[in-house]
Amino acid sequence: MRTPVIAGNWKMFKTIGAAAATVEQLIPLVEGVNDCEILVAPTFPALRAVADAARGTNVRVAAQDVAAESGEGAFTGEVSAEMLADAGATYCIVGHSERRQYQKETDDLVNRKARTVLAAGLTPIICVGEMLDDRDGGRAEEVVGAQVRGSFQGLTAPEVIRTIAAYEPVWAIGTGRTATPEIAEQMHRFIREIIAEMVGQEAADGLRILYGGSVKPENASGLMEQPNIDGGLVGGASLKADDFAKIVRYQR
Ligand code: PGA
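For clarity, every value in this text was computed on a predicted model and none was experimentally measured. (Residues numbered from 1 in each chain as written. Predicted model: local features only at pLDDT ≥ 70, side-chain atom pairs only at ≥ 80, totals over all residues. Heavy atoms only, no water.)

**Section: the site of the ligand**
What surrounds the ligand is a group of 13 residues, the closest being K11, H96, E168, G174 and S214. Between the ligand and N9 there is a distance of 3.5 Å, counted from an oxygen atom to a side-chain nitrogen or oxygen. Isolated, the ligand exposes 280 Å² of accessible area, and the fraction of that covered by the protein chains is 97%. When the residues that make up the shell around the ligand are grouped by side-chain class, the tally is 4 nonpolar, 7 polar and 2 charged. (Near = heavy atom within 4 Å. Polar contact = N/O pair within 3.5 Å; in protein donor to acceptor, adjacent residues only side chain to side chain. Areas by Shrake-Rupley, 256 points an atom, 1.4 Å probe, with all protein chains shown as cover. Nonpolar A, V, L, I, M, F, W, Y, C, P; charged D, E, K, R; others polar.)

In structure tokens, the structure reads:
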């Protein structure tokens, strides 16, 4: 049985004070929910304040990105996985489509980041997803398949079980255009098949695969009830504590 994960990706939103206030609003709304992992991903400067506010609750903290290099070093502007852990993060998003698009992150870099995150004892959330042109051109599986192979390259079966994947079709992010549960389920199944080819069926069956792209309180349950969808990576709708709590409570 895979424990579902509902993760809020706050992107470049919220000052430190606003981030701490949002998590303080969220905590009572999701109190007692213990059959799913609940995460929020604030900006780097807000990590510590959010982690402090969430200490001892069922809300955990994720970072949105990480350096590919570990520990310390002369890498201006970078933040290592160990530093994220020190700030209170226990998960880290890697390879979000916005970073692949705007920072030109490659599968190879995403793979190095995922390994660094695992080595520091954090859980990576590895994102993949095709652009609209790829989907319209019938290349969605080819593109996502290549991203999965590249980003998971060299991970061992036990590491894959500790990892979370997120399928986020780029055409559905922030657009209000959600993939139908059937389209998402088909791709999630495909991702699990590739992982099974890479590291075996048991690890593939243990991998949580989240769906991301305009998840809202209204469409969450239709997506989450699909057998290969193990939760959501939520952008816009995670910024307000009550909307995000409704998504967390989609099945209740
Ligand atoms: P969205 O973002 O829910 O606003 O579409 C999802 C994401 O980019 O993680």
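The structure having been displayed, the exposition proceeds.
**Topic: the layout of surface pockets**
Estimates place the volume of the largest pocket at around 410 Å³. If you go around the largest pocket, you meet 15 residues; those closest to its centre are K11, M12, Q64, D65 and R99. If one sorts the elements of the lining of the largest pocket by residue count, helix 4 (residues 97–102) sits on top with 3 residues. Class assignment of the residues belonging to the lining of the largest pocket gives a composition of 6 nonpolar, 5 polar and 4 charged. (1 Å grid on protein atoms, 1.4 Å probe; cavity = no way out; pocket = protein on both sides within 12 Å on 5 of 7 lines; lining within 4 Å. Points joined across faces, edges and corners; volume = space filled by probe spheres on them. Helix = DSSP H or I, 4+ residues; strand = E, 2+ residues; numbered from the N terminus.)

**Remarks on the sheet that holds strand 5 (residues 123–128)**
By definition, the strands of a sheet pair up through backbone hydrogen bonds, in either a parallel or an antiparallel sense. Ordered by their spatial adjacency, 8 strands build a closed barrel running 1-2-3-4-5-6-7-8, and the pairing between neighbours is parallel. Across this sheet, the average inter-strand angle for adjacent strands is 25°, counted without regard to direction. Pairing analysis gives 2 bridges linking strand 7 (residues 208–212) to strand 8 (residues 231–234), with the strands arranged parallel. Its bridge partner being in strand 8, G212 is matched across the sheet by L233. The strands touched by helix 5 (residues 107–119) within the sheet are strand 4 (91–94) and strand 5, with strand 5 carrying the most contacts at an inclination of about 160°. (Pairing = 2+ DSSP bridges. Axes fitted to C-alpha atoms, helices over the stretch in contact; angles between N-to-C directions. Contact = heavy atoms within 4.5 Å.)

**A look at helix 5**
Helix length check: helix 5 (13 residues) gives 18 Å between terminal C-alpha atoms against 18 Å at 1.5 Å per residue, within 8%. Looking only at helix 5, the buried set comprises V110, N111, K113, A114, T116, V117 and L118. On its buried side, helix 5 packs onto helix 3 (81–86), strand 4, helix 4, strand 5, helix 7 (140–151) and helix 8 (157–162). Within two residues after helix 5, G121 carries a phi angle of roughly 85°, on the positive side. (Expected span 1.5 Å × (residues − 1). Buried < 20%, exposed > 50% of the residue type's maximum accessible area, 1.4 Å probe, protein only.)

**Here's the deal with the confidence of the model for the protein**
Per-residue confidence for the protein averages 97 on the pLDDT scale, and 99% of its residues sit at or above 70. For the protein, helix 6 (residues 132–136) is the element with the lowest average pLDDT, namely 93, and strand 4 is the one with the highest, namely 99. (pLDDT = per-residue confidence, 0-100.)

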